[in-house]
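Coordinate analysis (summary)
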Amino acid sequence: MTHHASQLFPIALQELIEIGEKARKQRERAKHVARPRETRACKHGARGQYFTEKEKIQLTFNLK
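Position labels on residues start from 1 in each chain and follow its written sequence. For a predicted model such as this one, the threshold for reporting local features is a pLDDT of at least 70, and the threshold for listing and counting side-chain atom pairs is 80 or more; totals across whole chains, interfaces and linings nevertheless cover every residue. Note that water and hydrogens are dropped before the side-chain values are worked out from all heavy atoms of the structure.

1. Here we look at the overall build of the chain
- Under the DSSP-based scheme used, a helix requires at least four consecutive residues in state H or I and a strand at least two consecutive residues in state E, with every element numbered from the N terminus. Within the chain, the regular secondary structure consists of three helices and zero strands.
- Going residue by residue from the N terminus, the α and β elements of the chain occur as α-α-α.

2. Quick word on a nonpolar patch on the surface
- Together, Phe9, Leu13 and Ile17 make up an exposed nonpolar region whose accessible area comes to about 300 Å².
- Tracing the sequence through the fold places Ile17 in helix H1 (residues 2-32). Exposure above 30% relative accessible area and no salt bridge define the residues that can form patches, which grow by joining like charges within 9 Å and nonpolar side chains of Val, Leu, Ile, Met, Phe, Trp and Tyr within 5 Å. Per-residue and other accessible areas follow the Shrake-Rupley method at a 1.4 Å probe size, with only the shown protein chains counted as cover for residues. Each salt bridge in this description consists of a side-chain nitrogen of Lys or Arg and a carboxyl oxygen of Asp or Glu lying within 4 Å of one another.

3. Thoughts on the confidence of the model for the chain
- Each residue carries a pLDDT score, the predictor's confidence in it, ranging from 0 to 100. In the predicted model, the chain carries a mean pLDDT of 76, and 67% of its residues have values of at least 70.
- Per-element confidence in the chain is highest for H1, whose mean pLDDT is 87, and lowest for helix H2 (residues 40-45), whose mean pLDDT is 54.

Now the structure itself:
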């Protein structure tokens, strides 16, 4: 059993590192994306409105 775990640990570690690198690259790309200009309706209605990740997920499922 210990032998099996010792074989899987380096594989799992490498996968976690790859996931972290992918997420880091996505964040870097997101920083460089030009922000679209706000429309008048957007400026008036949604200015300063921010959602948590949980709220964004909730809204996404409510739209479907």
